[in-house]
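Listed below are the residues making up each chain.
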Amino acid sequence: MRRSWALLAGAVVPVLLLGAWQAASASGVWSASQLPPPADVLAALGQLARRGELGHHIAISVQRVLVGFAAGSVAGLALGGLVGLSRAAQALLSPTIQALRAVPSLAWVPLLLLWLGIDETPKIVLVAIGAFFPVYSTVAAALARVDPHLVEVGRAYGRSGATLLGTVLFPAALPAVVSGLRLGLAQSWLFLVAAELIASSMGLGFLLIDSQNTGRTDVMLLAIVLLAVIGKATDSALALVERARFVHY
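Every value quoted in this text rests on a predicted model; they were computed, and no experiment measured them. (Residues numbered from 1 in each chain as written. Predicted model: local features only at pLDDT ≥ 70, side-chain atom pairs only at ≥ 80, totals over all residues. Heavy atoms only, no water.)

(A) Layout of the packing of helix 3 (residues 53-85) against helix 4 (residues 87-101). Following both chains from N to C, one finds helix 3 and helix 4 inclined at 130°, their axes separated by 6 Å at the closest point. As far as their axial angle goes, helix 4 and helix 3 are oblique. Within the contact between the two elements, helix 3 uses L79, L82, V83 and L85 and helix 4 uses R87, A89, Q90, L93 and I97. (Axes fitted to C-alpha atoms, helices over the stretch in contact; angles between N-to-C directions. Helix = DSSP H or I, 4+ residues; strand = E, 2+ residues; numbered from the N terminus. Parallel < 35°, antiparallel > 145°, perpendicular 65-115°, else oblique. Contact = heavy atoms within 4.5 Å.)

(B) Representation of a nonpolar patch on the surface in the model. On the surface, a nonpolar cluster with roughly 390 Å² of combined accessible area is contributed by V12, V13, L16 and L17. Residue position: V13 is located in helix 1 (residues 2-26). (Patch = residues over 30% accessible without salt bridge, like charges linked within 9 Å, V, L, I, M, F, W, Y side chains within 5 Å. Areas by Shrake-Rupley, 256 points an atom, 1.4 Å probe, with all protein chains shown as cover. Salt bridge = Lys/Arg side-chain N within 4 Å of Asp/Glu carboxyl O.)

(C) Local environment of helix 2 (residues 38-50). Helix length check: helix 2, at 13 residues, gives a terminal C-alpha distance of 18 Å against a target of 18 Å (1.5 Å per residue), a fit within 8%. Among all positions of helix 2, only P38, V41, A44 and L48 are buried. Buried positions in helix 2, seen along its axis, are confined to an arc of 115° and lie on one side of it. Of the exposed residues in helix 2, those oriented more than 90 degrees away from the buried face are A39, L42 and R50. Just downstream of helix 2, G52 is the residue with a positive phi angle, here 80°. (Expected span 1.5 Å × (residues − 1). Buried < 20%, exposed > 50% of the residue type's maximum accessible area, 1.4 Å probe, protein only. Arc of directions from axis to C-beta.)

(D) Quick look at the environment of I198. As for its placement among the helices and strands, I198 is situated in the loop between helix 8 (161-195) and helix 9 (204-214). The exposure class assigned to I198 is buried, which follows from its relative accessible area of 0%. In contact with I198, not counting residues within four places along its chain, are V109, L113, G117, I118, P122 and K123.

(E) Fine view of the side chain of S73. In this fold, S73 is placed in helix 3. A polar contact of 2.7 Å, which involves the side chain of S73, links it to the backbone oxygen of F69. The contact partners of S73, leaving out residues within four places of it in the chain, are A131, V135 and L181. (Polar contact = N/O pair within 3.5 Å; in protein donor to acceptor, adjacent residues only side chain to side chain.)

(F) Main features of the environment of A24. Residue position: A24 is located in helix 1. We classify A24 as buried; its relative accessible area is 19%. For the pair A24 and P37, spaced 13 residues apart in sequence, the C-alpha to C-alpha distance is 8.4 Å. Setting aside anything within four residues of it in sequence, one finds A24 in contact with W30 and L35.

(G) Layout of the nonpolar core. If you look at the biggest cluster of nonpolar residues, it comprises 52 residues, and the most contacted ones within it are L126 and W189. Every element with two or more residues in this core is listed here: helix 1, helix 2, helix 3, helix 5 (105-116), helix 6 (120-144), helix 8, helix 9 and helix 10 (217-243). In terms of residue count, helix 8 provides more of this core than any other element does, 14 residues in total. Here L126 is in contact with S105, W108, V109, L112, F191, A194 and A195, once residues within four sequence places are set aside. (Core = buried A, V, L, I, M, F, W, Y, C linked by side-chain atoms within 4.5 Å.)

(H) Region of the structure containing the pattern of salt bridges. Summed over the entire model, instances satisfying the criterion amount to five salt bridges. A salt bridge links E120 to R64, with the nearest nitrogen and oxygen atoms 2.7 Å apart. Note that E120 is positioned in helix 6 and R64 in helix 3, a separation of 56 residues in sequence. For R64, a relative accessible area of 4% corresponds to the buried category. As a salt-bridge pair, R182 and D235 come within 2.8 Å of each other at their nearest N and O atoms.

(I) Expanded view of the packing of helix 3 against helix 9. As a packed pair, helix 3 and helix 9 sit with axes 7 Å apart at the nearest point and diverge in direction by 125°. Judged by the inter-axis angle, helix 3 sits oblique to helix 9. For the pair helix 3 and helix 9, the contacting residues are H57, I58 and S61 in the first and L204, G205, F206 and L207 in the second. Looking at the contact of helix 3 with helix 9 residue by residue, the class counts come to four nonpolar, three polar and no charged. (Nonpolar A, V, L, I, M, F, W, Y, C, P; charged D, E, K, R; others polar.)

Dropping the structure here:
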């Protein structure tokens, strides 16, 4: 019952936004080319689906996000674990990583094009960069804040090194780590549009940019809605993992 109420409550704002969108497009303040009504966006969805393009755009973007997110998360977990467990590594690496974190996503595009060409590699690397920083920061902070008494108990039972990390430190930090993975996944979707600026011919980011160039505002809004819906769906999948029983053991 509570879950049903939560789902209904979560649907209130989207329904209100949809109503406001319809009212604004019907008011005449904006032309149809500036703000097409929801029906036009739905028609664009059907048109792309009938041509077989929509599925390809979605599949390509999801693939780029998942591969980039996996690579960035692994790097974030590894480096975050090192910095969280070693004061020397923190002093050596943390200032540089925090400085790189401030670099905007679009600033990486020309450099990745120069180094990696125009195929899939720079797109995935850019998404991985987006995923890396939230995961790294969360893991490093979570491991640094693990209760020292818990570590002492683990050592008293003969745990040390990788065994201590795997059986004591990482389980204690796991809820925060999963939260960091959710942030990394969200950041991956944010970096996707910048990634698909790199000589793309498919993907939701390409669809967004191409529709801007061709004046198809209905397709532009469709791409934005799809990015929001799919991004929320992937976040909800990780949220289920976060709520699973093993996260809190």
